[in-house]
Amino acid sequence: MKVRKAVFPVAGLGTRSLPATKAIPKEMLPVVDKPLIQYAVEEAKAAGCEQFIFVTGRGKTALEDHFDHAYELEATLERRGKTRELEALKAWLPREGQVVYTRQQEPLGLGHAVLCARDIVGDEPFAVLLPDDIVLSKTPCLQQLTAAHDRTGGSVVAVMDVPRDQTNRYGILQPGGVDGSLTEILGLVEKPDPAVAPSTLSIIGRYVLSAEIWPFLEERKKGAGGEIQLTDAMARLVGRVPFHGLRFEGRRFDCGERLGFLEANVAFGLSRADTGGPLAGIIQNLLPKAAQ
Ligand code: G1P
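A short tour of the structure in this document, coming up. Since the structure is predicted, the reported quantities are computational estimates derived from the model, not experimental observations. (Residues numbered from 1 in each chain as written. Predicted model: local features only at pLDDT ≥ 70, side-chain atom pairs only at ≥ 80, totals over all residues. Heavy atoms only, no water.)

With respect to the environment of Ser199
So, step 1. One can find Ser199 in the loop between β10 (182-190) and β11 (201-209).
So, step 2. Residue classification places Ser199 among the buried residues on the basis of a relative accessible area of 9%.
So, step 3. Between the alpha carbons of Ser199 and Phe8 there is a distance of 27 Å; along the sequence they are 191 residues apart.
So, step 4. Sequence-distant contacts of Ser199, that is, excluding residues within four places in its chain, are made with Arg164, Thr167, Ile172, Leu173 and Pro175.
So, step 5. Looking at Ser199, its side chain comes within polar contact range of the main-chain oxygen of Leu173, at 2.6 Å.
So, step 6. A polar side-chain atom of Ser199 sits 3.0 Å from the main-chain amide nitrogen of Leu201. (Helix = DSSP H or I, 4+ residues; strand = E, 2+ residues; numbered from the N terminus. Buried < 20%, exposed > 50% of the residue type's maximum accessible area, 1.4 Å probe, protein only. Contact = heavy atoms within 4.5 Å. Polar contact = N/O pair within 3.5 Å; in protein donor to acceptor, adjacent residues only side chain to side chain.)

See the structure below:
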């Protein structure tokens, strides 16, 4: 079955990015000139998703406004003859009714955030995208996952190797058989201590999950950090549905973290035709002579 629905957990407070996120949602932070959430929605769209489900919270109305018409702005652009800017704005707006908002009423963890979308998703496979993570790649990361899912069915998550001393920041795989870029998942642990981590293969914020996950999320069991963890519910899928980690092609940036966010801006800026050349020159000039 095709993946038609994408869930975006966007209720988090963004405390790691303060003061930038005091009055705006962290998902509205721009990489070059586009908010993180727009990268995630465009990626889901490119992968064939038709419904975009935001699990949101208080203080996040800027996200809703971003995916709506801005009449004053559009009328002004029209009056000033700025047709190109106007068309560009309208081009990525989802069709009416394609975006759905629900609220996570309590900050009980990522598993709980996904559970909030249960009635909207229903009994079909669905994608989850964490907008903090953005991936620079030839083929959008979620599209790589849905292509793998077309072959394997079940659940597929995007994975990459991390330094062993960082396993306590991620969901970590107990890997089984390897078939090209796919690794069978035999177990999962959320944020294990490096000394006991079953591997260094970590999940990044892109998932295709089968509907079999709902009963396990429903149990609302608390895990690492006292939170209801998505990883714990996913671990229960092992042996019940085909379950694979996909070593995706591309480079992932953790924009929930200062340096990751800066790195993403530089990498995306360098990758774009309009900014790449000039930005490379600017960076060159900024670097101390010895580093050049
Ligand atoms: C979440 C997940 C974790 C995953 C990570 C990817 O953690 O719980 O399994 O590896 O996203 O970014 P968080 O970053 O919310 O602590």
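Examining unusual backbone geometry
So, step 1. In this structure, Pro19 follows Leu18 across a cis peptide bond, with omega equal to 5°.
So, step 2. You can see Pro19 is positioned in the loop between β1 (5-9) and β2 (30-31).
So, step 3. Although it is not a glycine, Val32 sits at a positive phi angle of roughly 60°.
So, step 4. Along the polypeptide, Val32 turns up in the loop between β2 and β3 (34-35).
So, step 5. You can call Val32 partly exposed: its relative accessible area is 29%.
So, step 6. One non-glycine residue, Lys191, lies in the positive phi region at around 50°.
So, step 7. Turning to its location among the elements, Lys191 is positioned in the loop between β10 and β11.
So, step 8. Relative accessible area serves as the criterion here: at 39%, Lys191 is assigned to the partly exposed category.

Describing the site of the ligand
So, step 1. Among the 14 residues in the neighbourhood of the ligand, the closest are listed as Asp133, Gly171, Glu190, Lys191 and Ile203.
So, step 2. Between Ile203 and the ligand, the recorded distance is 2.7 Å, taken from a backbone N or O atom to an oxygen atom.
So, step 3. Computed on the free molecule, the ligand has an accessible area of 380 Å², of which 78% lies beneath the protein chains in the complex.
So, step 4. Per-element accounting of the shell around the ligand gives the leading share, four residues, to β11. (Near = heavy atom within 4 Å. Areas by Shrake-Rupley, 256 points an atom, 1.4 Å probe, with all protein chains shown as cover.)

Describing the pattern of salt bridges
So, step 1. In this structure the tally under the stated criterion is 19 salt bridges.
So, step 2. With a shortest N-O distance of 3.6 Å, Glu218 and Arg220 are connected by a salt bridge.
So, step 3. For Arg220, a relative accessible area of 42% gives the class partly exposed.
So, step 4. Connected through shared salt-bridge partners, Arg118, Asp119, Glu218 and Arg220 make up one network. (Salt bridge = Lys/Arg side-chain N within 4 Å of Asp/Glu carboxyl O.)

Some details on the side chain of His244
So, step 1. On the secondary structure map, His244 appears in strand β12 (residues 243-247).
So, step 2. Exposure remark for His244: the relative accessible area of 17% places this residue in the buried category.

Some words on the packing of helix α10 (residues 258-271) against helix α11 (residues 276-286)
So, step 1. Viewed as axis vectors pointing N to C, α10 and α11 meet at an angle of 130°, and their least axial separation amounts to 6 Å. Put simply, α10 runs oblique to α11. Where α10 abuts α11, its residues Val266, Gly269 and Leu270 lie against Gly276, Leu279, Ala280 and Ile283. (Axes fitted to C-alpha atoms, helices over the stretch in contact; angles between N-to-C directions. Parallel < 35°, antiparallel > 145°, perpendicular 65-115°, else oblique.)

Examining a positive patch on the surface
So, step 1. A cluster of basic residues, Arg79, Arg80, Lys82 and Arg84, forms a positive patch at the surface.
So, step 2. Its place among the elements puts Arg84 in helix α4 (residues 83-91).
So, step 3. Accessibility expressed as a relative area gives 68% for Arg84, which makes it exposed. (Patch = residues over 30% accessible without salt bridge, like charges linked within 9 Å, V, L, I, M, F, W, Y side chains within 5 Å. Lys, Arg positive; Asp, Glu negative; His and termini not counted. Charge placed at Lys NZ, Arg CZ, Asp CG, Glu CD.)

As for the packing of helix α3 (residues 71-79) against α4
Angle between the axes and distance between the axes are the two parameters that describe a pair of packed helices.
So, step 1. Two elements in contact, α3 and α4, have axes separated by 8 Å at closest approach and are oriented at 150°. Here α4 runs roughly antiparallel to α3, going by the angle between their axes. Across the interface between the two elements, Leu73, Glu74, Leu77 and Glu78 of α3 pack against Glu85, Leu86, Leu89 and Lys90 of α4.
So, step 2. Of the residues in the contact of α3 with α4, the class split is four nonpolar, no polar and four charged. (Nonpolar A, V, L, I, M, F, W, Y, C, P; charged D, E, K, R; others polar.)

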